[in-house]
Amino acid sequence: MAVYTDVSPAELGTFLSGYDIGTLTSFHGIAEGVENSNFLVQTTTGSYILTLYEKRVKTGDLPFFIGLMQHLAARGLSCPQPVAARSGAMLAQIADRPAAMVTFLPGVSVRRPTAQHCAELGHGLAQLHLAGADFPMRRANALSVAGWRPLFEAAGSQADDVAPGLAATIAEELGRLEASWPADLPSGVIHADLFPDNAFFLDDRLSGIIDFYFACTDFLAYDVAVCLNAWCFEADGAYNVTKGRALLAGYEALRPLSPAEKAALPRLARGAALRFLLTRLVDWLNVPEGALVRPKDPLEYLRKLRFHRAVDSAQDYGLVA
Ligand SMILES: Nc1ncnc2c1ncn2[C@@H]1O[C@H](COP(=O)(O)OP(=O)(O)O)[C@@H](O)[C@H]1O
Ligand SMILES: N[C@@H](CCOP(=O)(O)O)C(=O)O
């Protein structure tokens, strides 16, 4: 998280009086993350996370996110659970922002995932997909292929200031993906942002998944592609096929990919790389003044995109045929 909106102790104290979770003992803003404002709130009954929803989160989508976390938790997935106010409401308002209080999950995120972490993550992702299969609400993925051109239009004119030639690379890739994006693959609830900072581990076992605010209804294999991008590249930009193999094997142990999903994986991985390149580029060029946030490097995803452009088949990611 980041902190875009400040909350005063008095405001938070008043806010907490609407909940049955004790009285405030301490709180602080959390610097990690880039989307919403998050606070670690400690009360006389324990620790909680207060999230204030910022620019990319539409208020109309909040019931989907809240309902999804409740649904997944009820099916045994370890994820934050929304805490109801005394009125029964899961959503509230503080500092003029929509907000929710959720349970605090123990565990730590890993900066340099090992193959073991990747295997655990793949398994957890498949568990999430299976647990979400009967979730009744739908939410279109606003950041799928149709959402990429508007992002490019917002940032494209400054892209070459970030890296010479970047605008042309994005334009070419966007055109290709718009023309070839799969139309019909198994769909359902996806997390859509399951990066290492959104997965917690205890003793190298996956202990929880957080940050469901990009979750939506889309191709399940696209979520796998997002994770290959986020978990299986080394800091020097090299793809680690051992980690990819572990992630895919962990996933397929619970939910085997169909032949069509396997064939589509390289395109989905290119699309996932372009999606994060574009959102990072927009964020890089638009850091709000005074915000506690560390924008993420868009060029990391340019390097990943270049790797995917040279991939022939899902076997290159470590998929065992
Ligand atoms: N339920 C939770 N339990 C424990 N820590 C959490 C929880 N939710 C968020 N955090 C902490 O806050 C950080 C940012 O949260 P996140 O949901 O990823 O924000 P963003 O929506 O900006 O990505 C996480 O990296 C984690 O450290
Ligand atoms: N994971 C995205 C940005 C959103 O990150 P989060 O920290 O809010 O989960 C990226 O790396 O570009």
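Since we're looking at a predicted model, the values are computed, not measured. (Residues numbered from 1 in each chain as written. Chains lettered and ligands numbered in written order. Predicted model: local features only at pLDDT ≥ 70, side-chain atom pairs only at ≥ 80, totals over all residues. Heavy atoms only, no water.)

A.B. asks: Outline the overall build of the protein, supporting the account with residue identities and numerical values.
C.D. replies: Each helix and strand in the protein was counted, giving 9 helices and 9 strands. In summary, the protein has a C-alpha radius of gyration of 20 Å against a globular reference of 20 Å for 321 residues, a match within 12%. Looking at the protein as a whole, 55% of its 321 residues qualify as buried. Once local pairs closer than 6 in sequence are excluded, the contacts in the protein between residues at least 24 apart make up 73%. (Helix = DSSP H or I, 4+ residues; strand = E, 2+ residues; numbered from the N terminus. Rg over C-alpha atoms; globule rule 2.2 N^0.38 Å. Buried < 20%, exposed > 50% of the residue type's maximum accessible area, 1.4 Å probe, protein only. Contact = heavy atoms within 4.5 Å.)

A.B. asks: So what's going on with the environment of Leu174? Residues and values would help.
C.D. replies: The topology assignment puts Leu174 in helix 5 (residues 166-180). In contact with Leu174, not counting residues within four places along its chain, are Trp148, Arg149, Phe152 and Leu274.

A.B. asks: Now, about the side chain of Thr43: what can you tell me, with residues and values included?
C.D. replies: Looking at the element boundaries, Thr43 is found in strand 2 (residues 37-43). From its side chain, Thr43 meets the backbone oxygen of Ile21 in a polar contact 2.5 Å long. Excluding its chain neighbours within four sequence positions, the residues that come into contact with Thr43 are Leu16, Ile21, Gly22, Thr23, Leu24, Thr25 and Tyr48. (Polar contact = N/O pair within 3.5 Å; in protein donor to acceptor, adjacent residues only side chain to side chain.)

A.B. asks: Give a detailed account of the UniProt feature "domain: Aminoglycoside phosphotransferase" (unreviewed entry) in the protein, specifying residues and quantitative values.
C.D. replies: UniProt records the feature "domain: Aminoglycoside phosphotransferase" (unreviewed entry) at residues 28-257, using the numbering of this structure. Strand forms 19% of residues 28-257 and helix 39%; the C-alpha atoms that close the span are 42 Å apart. (UniProt positions renumbered as here; feature names shortened; annotations may be inferred.)

A.B. asks: Give a detailed account of the environment of Asp96, specifying residues and quantitative values.
C.D. replies: Mapped onto the elements of the fold, Asp96 is located in the loop between strand 4 (92-94) and strand 5 (97-103). According to the relative accessible area criterion, Asp96 is exposed, its value standing at 69%. Taking the C-alpha atoms as reference points, Asp96 and Ser109, 13 residues apart in sequence, are found 31 Å from one another.

A.B. asks: Describe the site of ligand 2, with residues and values.
C.D. replies: Inspection of the region around ligand 2 gives Gly33, Val34, Glu35, Asp193, Phe195, Asp197, Asn198, Asp211, Phe276, Arg280 and Lys296 as its neighbouring residues. At 2.9 Å, a side-chain N or O of Asn198 approaches an oxygen atom of ligand 2. A distance of 2.7 Å is found between an oxygen atom of ligand 2 and a side-chain nitrogen or oxygen belonging to Arg280. In the complex, the protein chains occlude 96% of the 340 Å² of accessible area that ligand 2 would expose alone. Broken down by class, the residue content of the shell around ligand 2 amounts to 3 nonpolar, 2 polar and 6 charged. Split by domain, the shell around ligand 2 shows at least three residues from each of two domains, domain 1 (9-103) and domain 2 (115-317). (Near = heavy atom within 4 Å. Areas by Shrake-Rupley, 256 points an atom, 1.4 Å probe, with all protein chains shown as cover. Nonpolar A, V, L, I, M, F, W, Y, C, P; charged D, E, K, R; others polar. Domains from an automatic or database assignment.)

A.B. asks: Explain the packing of helix 8 (residues 259-285) against helix 9 (residues 298-309) to me, and be specific about the residues and the numbers.
C.D. replies: It is the contact of helix 8 with helix 9, at a shortest axis distance of 8 Å, that shows an interaxial angle of 160°. Between helix 8 and helix 9, the crossing angle belongs to the class labelled roughly antiparallel. Crossing geometry of helix 8 relative to helix 9 is assigned as left-handed. Contacts from Ala269, Arg270, Ala273, Leu274, Phe276, Leu277, Arg280, Leu281 and Trp284 of helix 8 reach helix 9 at Pro298, Glu300, Tyr301, Leu302, Lys304, Leu305, His308 and Arg309. Residue classes in the contact of helix 8 with helix 9 are distributed as 11 nonpolar, 1 polar and 5 charged. (Axes fitted to C-alpha atoms, helices over the stretch in contact; angles between N-to-C directions. Parallel < 35°, antiparallel > 145°, perpendicular 65-115°, else oblique. Left-handed = near helix turned anticlockwise from the far one by under 90°.)

A.B. asks: Can you tell me about the pattern of salt bridges, naming the residues and giving the values?
C.D. replies: A complete count under the given rule lists 16 salt bridges for this structure. For Arg309, the salt bridge is made with Glu172, and the minimal N-O distance between the two is 3.0 Å. Of this pair, Arg309 sits in helix 9 while Glu172 is found in helix 5, placing the two residues 137 residues apart along the sequence. A relative accessible area of 28% means that Arg309 is categorised as partly exposed. Residue classification places Glu172 among the partly exposed positions, given a relative accessible area of 39%. Close ionic contact of Lys296 with Asp197 constitutes a salt bridge, the shortest N to O distance being 3.3 Å. Linking Lys296 in the loop between helix 8 and helix 9 with Asp197 in the loop between strand 6 (187-190) and strand 7 (199-202), this pair joins segments that are 99 residues apart in sequence. Judged by its relative accessible area of 29%, Asp197 is partly exposed. Counted as one network, the salt bridges with shared partners bring together Glu172, Glu173, Arg176, Arg270 and Arg309. (Salt bridge = Lys/Arg side-chain N within 4 Å of Asp/Glu carboxyl O.)

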